[in-house]
Every structure is written in C-alpha cells, then in structure tokens.
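Here is how the chains run, residue by residue.
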Amino acid sequence: MIGLLLRFYPARWRARYGDEFAALLGERQLGPFDVADVLLGALDAHLHLRGLGAASEHAKGFAMSLRIGGFAAIAGGILWFSGFALSSINQGSDALFALALGVGTLALLIALIGLSAFQARQYPRLVWAAFIVPALGAIVSLVGMVGMATMGDLPFIGSWSGWSIWAIGVLALIVGSALFAFATVRARALSRPAAIALAISSFVVIPVLLGVETLNGVLPEAAAPLVVALATLAFAGGWIGLGVSALRIDRSRPVAQAGGTA
Amino acid sequence: MPPRIPELGRFAEPALLILVSLSDGPKHGYAIMTDVEAGTGRPLGPGTLYAALARLEERGLIEAIAPVDRRRPYRLTAVGATVLADQLRDLAEFADLGLRRLGRARP
C-alpha cells in the first residue's frame, strides 16, 4: 500500500523525500483521510516540481550571496586592519599597505552586497537603505586611492586631492558600517553580537581617526598608533564576526540545498 | 496584515504549525504530525505535511539534519526563527485587536 502511494509522487520528489515519507506512513494506520491527503500531496508535488528549478536557483542564489558575503567580510576585516593599522605606525612598504587597504575596501564592498542581498529577503527597504552609505563610501575611498596613486598630492577631481576623496570615502564607509550594523541587528538573520560590535566600534573608530593628531600630542609617542590600531581592530573584528556568522549559516544549509535539488 | 511566510498559498497555515512545532527543537515528520495534532486538536495529513516541509526547506526556513534510521529530523534555521517570531507577534496583535473589539480583552 505504502509503495503504491509513493508511486504517485514524481521520481525527483521520491529521490529526496521517499524514504522518510515511507517511514512516516509506516508509523501509523492509514485511513481514508490519510490516503486522500497523500494523493493530493502527490498531485501537488507534480505541479510544484515544475517550478522547483526556479525556486532552487533562488535558494542557491541566497546561499551563494551568503557565502561570498561571509568570506569577503572576513577578508575585508583582516586586510583593512592590516593596511590601516600598520600604515598608521609607518612600518614596511607604503605600496603594500595601500594595496591591503584597497583590496580590503573592495572586499568590504563585496561583503556589503552579499550580506545585504541575503538579509533583504526579510527587510528589503531597511537593508538596502543601510547598504547605500557604506557602499558609496567604499567606492569613493577606492576612487581616492586611485587619485593618490596617480596624482599624489595634486588635485584629482576638481580641487580635491586623492587623499581628501579617500578620507571622505573612509568616513562614509565607517558611518555607513554603523548604519548597516543597525539594520543587521534589526533583520536578525546574522549574528546580532557581531552586528552590535560593529556598530559600537564604528562609533569608537571615527573620533579616534579624526583625532589622531590630537592623540599624538596627548599620549606618549607609541600609544597613539596603538589606540588607532585597537579601534581599527574592533571595527575589523565586527566585520569578521559578521562574516563568520554568515558562513556558519551557510554551512548548516547543504542538506537543505540537497533537498531542493533532488 | 502583511503575509510574513511568503508564497506558500494554501500551505501557509500548515507551514506555520510546522514552524511552531520545530520551535522547541528538531523533530521528524511523525513527531511533527503528533505534536501539531496534540496542540491544535486537528490532524495534519502526511501529504500536506511534506508539501509544506518541502516549501519551508526551499525557502531556507527549516533544514534537514542527519537521519536517524529512515526518519529525517528537521530544525528551524535562524531565518526561520525570525520569520516565525514576526508572524506570531503579528498574530498576537491581531488577536488582541479582535478580542478588544469583542470586549473580551485578555487579562
């Protein structure tokens, strides 16, 4: 009887759910209501599977954006911290640090896109609104870096030097990261502690970066860069935490993915 | 009231019952059926259960975990828990509104 009922379902459906469904049917005595329900379920499976490819591709898209966003957030956090903190204490090659900052900023931009795409399933307006400021900041700072590399201290766009454009972009990226973190706390799809850490560290890092010259005058010579490095580390740590939480969610999805595509 | 478990059509109610059933931990299909029946007093047919399970799984609201014998347990994902909490909050507000209009507000 159970084998016969299962035959009404499509082969693709049976490949994924057949075994557990047969076990379920074997656990109870089937009455007329159950048989009718199973037959209607089989009809639904035939109709539903026609659109399942699109739904699976949709789910794959979310999983992909989560994975890319997660890895990019981790890479961006690490590179941003390395480039920014080490360049602040003037050790090593400027070109290397600039490269780390540039690639790190690009990675954060990718992370913003990937994580926003994932979270926008539930709160599209909130998440995409919070995405705009940091994304623009990342793009502006990258443009500024190109200006610094090509024009040095000379004006790059209008009377603005590459450094000025880069600095404005970085500030927008940090302020925007706080907005993105608030949206992430509200969306509750990714780690809330990591989002809260990012929000708090964003507020900490702004005055520290703006006041770095003042810090140099107040604190011992070695302490000011250390404060900057710690603040930047907290900021980068927030992004890394969000990336790790995204990958944890993604890692728990393969069985579900298999279910969608079987 | 906006739909918070989207695009599930006639499976929206079974899906909500399944999400509530999974809210206290992973369960396999039969455990979900008996839990829902115990909680609502209404049977949940096996065909309806798996049609709703498949849709919830596709949308990433639940996920299957390693099977025990032939039974495969399911659990809520983080997104699923969020969607369920929002849905229940909306339903509670809606129920309060209805009870207030009836003059039978909950204490």
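All figures in this text were calculated on a predicted structure; none of them were measured in a lab.

### As for the overall build of chain A
Then step 1. Each helix and strand in chain A was counted, giving 11 helices and 2 strands.
Then step 2. Order of helices (α) and strands (β) in chain A, N terminus to C terminus: α-α-α-α-α-α-β-β-α-α-α-α-α.
Then step 3. Here chain A holds 262 residues, and 44% of them are scored as buried.

### Concerning the confidence of the model for chain A
Then step 1. For chain A, the mean per-residue pLDDT works out to 78, and 78% of the residues sit at or above 70.
Then step 2. Least confident of the elements in chain A is helix H11 (residues 254-261) of chain A, whose mean pLDDT is 36; most confident is helix H2 (residues 11-26) of chain A, at 89.

### Some details on the interface of chain B and chain A
Accessible area lost when the parts come together is the quantity often used to give the size of an interface.
Then step 1. Taken together, the 25 residues of chain B in the interface contact 31 residues of chain A.
Then step 2. At the level of elements, helix H2 (29-40), helix H3 (46-58), strand E1 (62-64) and helix H4 (78-101) of chain B are the ones that each hand at least two residues to the side of chain B that touches chain A.
Then step 3. No other element matches H3(B), which puts 8 residues into the side of chain B that touches chain A.

### Topic: the nonpolar core
Then step 1. Among the nonpolar cores identified, the biggest contains 94 residues, and Ala73(A), Leu108(A), Leu242(A) and Ile18(B) are the most heavily contacted of them.
Then step 2. Counting residues per element, this core draws most heavily on helix H7 (residues 162-187) of chain A, at 11 residues.
Then step 3. Taken domain by domain, this core gets at least three of its residues from each of domain 1 (2-49) and domain 2 (57-254) of chain A.
Then step 4. Among residues more than four places away in sequence, those in contact with Ile18(B) are Ile32(B), Ala52(B), Leu53(B) and Leu56(B).

### Considerations on H2(A)
All names here are of chain A.
Then step 1. Taking 1.5 Å per residue as the helical rise, H2 with its 16 residues ought to reach 22 Å, whereas the 20 Å between its terminal C-alpha atoms falls clearly short.
Then step 2. The sharpest bend along H2 reaches about 70° and sits at Tyr17.
Then step 3. Turning to H2, its buried residues number three or more, namely Trp13, Arg16, Tyr17, Glu20, Phe21, Leu24 and Leu25.

### A short note on H3(B)
Residues and elements named next belong to chain B.
Then step 1. An ideal rise of 1.5 Å per residue puts 18 Å on 13 residues; H3 measures up with 18 Å between its terminal C-alpha atoms.
Then step 2. Of all 13 residues in H3, 13 are buried, a share of seventy percent or more.
Then step 3. Gly60, located one to two residues past H3, shows a positive phi value of around 75°.

### A short note on the packing of helix H6 (residues 124-151) of chain A against H7(A)
Residues and elements named next belong to chain A.
Then step 1. Viewed as axis vectors pointing N to C, H6 and H7 meet at an angle of 160°, and their least axial separation amounts to 7 Å. What the angle tells us is that H6 and H7 run roughly antiparallel. Here the hand of the crossing between H6 and H7 comes out left-handed.
Then step 2. Per-class residue counts for the contact of H6 with H7 are 26 nonpolar, 8 polar and 1 charged.

### Considering unusual backbone geometry
Then step 1. Phi at Asp69(B) takes a positive value of approximately 55°, unusual for a residue other than glycine.
Then step 2. Tracing the chain through its elements places Asp69(B) in the loop between E1 and strand E2 (74-76).

### Topic: the environment of Phe156(A)
Residue and element names in this part refer to chain A.
Then step 1. Examined against the element boundaries, Phe156 turns out to sit in strand E1 (residues 155-157).
Then step 2. Residue Phe156 is classed as buried on the basis of its 22 C-beta neighbours within 10 Å.
Then step 3. Along the primary structure Phe156 and Val143 are separated by 13 residues, whereas in three dimensions their C-alpha atoms are 9.6 Å apart.
Then step 4. Leave out the neighbours within four places in its chain, and Phe156 touches Gly147, Met151, Ser161, Gly162 and Ile165.

### Considerations on the environment of Pro26(B)
Then step 1. By the element assignment, Pro26(B) lies in the loop between helix H1 (12-22) and H2.
Then step 2. Those residues in contact with Pro26(B) that sit more than four places away from it in its chain are Ile65(B), Pro73(B), Tyr74(B) and Arg75(B).

### Concerning the packing of H1(B) against H2(B)
The description of two packed helices rests on the angle between their axes and on the distance between the axes.
Residues and elements named next belong to chain B.
Then step 1. It is the contact of H1 with H2, at a shortest axis distance of 10 Å, that shows an interaxial angle of 100°. Between H1 and H2, the angle is such that the two are roughly perpendicular. In this structure, H1 uses Leu17, Ile18 and Ser21 to contact H2, whose residues at the interface are Ile32, Asp35, Val36 and Thr40.
Then step 2. Classifying every residue of the contact of H1 with H2 by side-chain character gives 4 nonpolar, 2 polar and 1 charged.

### What about the environment of Phe33(A)?
Then step 1. Of note, Phe33(A) is situated in helix H3 (residues 32-49).
Then step 2. If near-sequence neighbours (up to four positions away) are discounted, Phe33(A) is found in contact with Pro43(B) and Gly45(B).

### Some words on the confidence of the model for chain B
Residue and element names in this part refer to chain B.
Then step 1. Put simply, chain B has an average pLDDT of 86, and 90% of its residues get 70 or more.
Then step 2. No element of chain B has a lower mean pLDDT than H4, which averages 88, and none a higher one than E2, which averages 93.
Then step 3. What the predictor reports for the complex is a pTM of 0.54 with an ipTM of 0.84.

The rules we used
Residues numbered from 1 in each chain as written. Chains lettered and ligands numbered in written order. Predicted model: local features only at pLDDT ≥ 70, side-chain atom pairs only at ≥ 80, totals over all residues. Helix = DSSP H or I, 4+ residues; strand = E, 2+ residues; numbered from the N terminus. Buried ≥ 20, exposed ≤ 12 C-beta atoms within 10 Å, placed from the backbone. pLDDT = per-residue confidence, 0-100. Contact = placed C-beta atoms within 7 Å. Core = buried A, V, L, I, M, F, W, Y, C linked by C-beta atoms within 7 Å. Domains from an automatic or database assignment. Expected span 1.5 Å × (residues − 1). Bend = angle between axes of the 7 residues up to and from the residue. Axes fitted to C-alpha atoms, helices over the stretch in contact; angles between N-to-C directions. Parallel < 35°, antiparallel > 145°, perpendicular 65-115°, else oblique. Left-handed = near helix turned anticlockwise from the far one by under 90°. Nonpolar A, V, L, I, M, F, W, Y, C, P; charged D, E, K, R; others polar.

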